[in-house]
Amino acid sequence: MEHDCNNYIEIKGCPKSVRRLKEFVATPETPLSFSKILPPLVVAERAISHLQALKYIGRTTNNTFLLAAIDAEGFIKFTREIMPDAEFDLIDLEPDNFENWFLEHWGCRWEPDCIDMEHNDNALSYVFVTPSFPPRKVVKKLREEFPDLDILGYFHDTITEKRSYY
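If you're wondering where the values come from, they're calculated on a predicted model, not measured in any experiment. (Residues numbered from 1 in each chain as written. Predicted model: local features only at pLDDT ≥ 70, side-chain atom pairs only at ≥ 80, totals over all residues. Heavy atoms only, no water.)

Considering the pairing of strand 6 (residues 123-131)
For strand 6, a buried count of eight out of nine residues is recorded, marking the element as mostly surrounded by other parts of the structure. Across nine bridges, strand 1 (residues 4-12) lies against strand 6 in antiparallel orientation. Its bridge partner being in strand 6, Tyr-8 is matched across the sheet by Val-127. For strand 5 (residues 113-120) and strand 6, the ladder comprises six bridges, and the chain directions are antiparallel. Within the sheet, the bridge partner assigned to Asp-113 lies in strand 6 and is Val-129. Hairpin connection from strand 5 to strand 6: two residues lie between these consecutive antiparallel strands. (Buried < 20%, exposed > 50% of the residue type's maximum accessible area, 1.4 Å probe, protein only. Helix = DSSP H or I, 4+ residues; strand = E, 2+ residues; numbered from the N terminus. Pairing = 2+ DSSP bridges.)

Structure (structure tokens):
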């Protein structure tokens, strides 16, 4: 059963590194994108065998699916947005397949919702909701990419009332 997992990530460190992380995780649509931190495309590149294999890239802010045609070298040739209720004729685009990939690699099933971000010179924080689980692996990757920053994650599961740092 899907339910909300409320998350808070706090980043502290020197202003230059904090700004660098802020830019690293943002897209034009959202201040925090898990796809920027652990991109699904990196895994998809390895499975490409011919030109224009459609691969799932992520959900957009208006909740459509973003697909990309990728050549044998892993370069995107074009992208296409489709509605979630569209009929797929490609078996690897079944929702369970990509949501399972996200759960395995991010720790949660899709991009965060309801993002609130605050930034001052040496601190940055994000408040967001994920389905069922916190994005532990995303935060772990951020710690690896930015070892000079103190990064703390905290979650509250709204069903079990479990609360913990990660």
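Comments concerning the pattern of salt bridges
Going through the model one piece at a time under the given rule, you end up with three salt bridges. One salt bridge connects Lys-141 with Glu-145, and the closest N-O pair in it is separated by 3.3 Å. You can see Lys-141 and its partner Glu-145 sitting in helix 5 (residues 136-145), four residues apart, about one turn around the helix. With relative accessibility at 24%, the residue Lys-141 sits in the partly exposed group. (Salt bridge = Lys/Arg side-chain N within 4 Å of Asp/Glu carboxyl O.)

A look at unusual backbone geometry
Its identity as a non-glycine residue notwithstanding, Ser-132 has a phi of 70°, on the positive side. Structurally, Ser-132 can be placed in the loop between strand 6 and helix 5. Among the residues examined, Ser-132 registers a relative accessible area of 5% and is labelled buried. Positive phi values are uncommon outside glycine, yet Glu-161 reaches one of about 65°. Take Glu-161: its relative accessible area is 43%, and that puts it in the partly exposed class.

Focus: the confidence of the model for the protein chain
Close inspection of predicted coordinates is inappropriate for parts of the model with low pLDDT. Predicted confidence across the protein chain gives a mean pLDDT of 78, with 65% of residues reaching 70 or more. Per-element mean pLDDT across the protein chain ranges from 46 in helix 3 (residues 40-46) up to 97 in helix 1 (residues 15-25). Confidence drops under a pLDDT of 50 for residues 42-52, and excluding neighbours within four residues, the segment shows 16 contacts in the predicted structure. Counting contacts from residues 86-95, a segment whose pLDDT is below 50, to residues more than four positions away or on other chains yields 13 contacts. (pLDDT = per-residue confidence, 0-100. Contact = heavy atoms within 4.5 Å.)

Remarks on helix 5
When helix 5 is considered as a whole, its buried residues turn out to be Val-138, Val-139 and Leu-142. The buried residues of helix 5 occupy one face: seen down the axis, they fall within an arc of 95°. (Arc of directions from axis to C-beta.)

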